[in-house]
Amino acid sequence: MLLINKKTSQPIARLAMDNIAVKLSSYYYESVTEGSVGDMSITDLTNYPQTVYEEGNMTAVVPRMVWGNTGLLPSEQILQFRKTSL
């Protein structure tokens, strides 16, 4: 997912999720949604503190991972969820 500044149309950040699993079970009396996310990362695309304001300067941007796994430590799950509805 790419986050874009509405005013300047410049990308702000990139969010990435890997190893996503979702299971939906529907029963007569309830529905159950459960799943997990294996890896997630947030990458800054603003080149802070030398923030780029013009589209022509986007080649000067150095993407910087703000949060997440760099691939050095593979993970099975970082988030697990379950929702039951009647």
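Up top is the structure these notes are about.
Worth saying up front: this structure is predicted, and the values here are computed from it rather than measured. (Residues numbered from 1 in each chain as written. Predicted model: local features only at pLDDT ≥ 70, side-chain atom pairs only at ≥ 80, totals over all residues. Heavy atoms only, no water.)

## Some words on a nonpolar patch on the surface
Thought 1: Residues Met17, Ile20, Val22, Ile42, Val66, Trp67, Ile78, Leu79 and Phe81 make up a contiguous nonpolar surface patch of about 820 Å² in total accessible area.
Thought 2: Residue assignment for the nonpolar patch shows that the elements contributing at least two residues are strand E2 (11–26), strand E4 (64–68) and strand E5 (79–85).
Thought 3: Examining the composition of the nonpolar patch, we find that 3 residues originate from one element, E2, more than from any other.
Thought 4: In this structure, Leu79 sits in strand E5. (Patch = residues over 30% accessible without salt bridge, like charges linked within 9 Å, V, L, I, M, F, W, Y side chains within 5 Å. Areas by Shrake-Rupley, 256 points an atom, 1.4 Å probe, with all protein chains shown as cover. Salt bridge = Lys/Arg side-chain N within 4 Å of Asp/Glu carboxyl O. Helix = DSSP H or I, 4+ residues; strand = E, 2+ residues; numbered from the N terminus.)

## Brief notes about the packing of aromatic side chains
Thought 1: Applying the stated criterion to the full structure yields 1 aromatic pair.
Thought 2: With a centroid separation of 5.8 Å and 15° between ring planes, the pair formed by Tyr27 and Tyr29 is classed as stacked.
Thought 3: Residue Tyr29 is classed as exposed on the basis of its relative accessible area of 56%. (Phe/Tyr/Trp six-rings, centres within 6.5 Å; stacked < 30°, edge-to-face > 60°. Buried < 20%, exposed > 50% of the residue type's maximum accessible area, 1.4 Å probe, protein only.)

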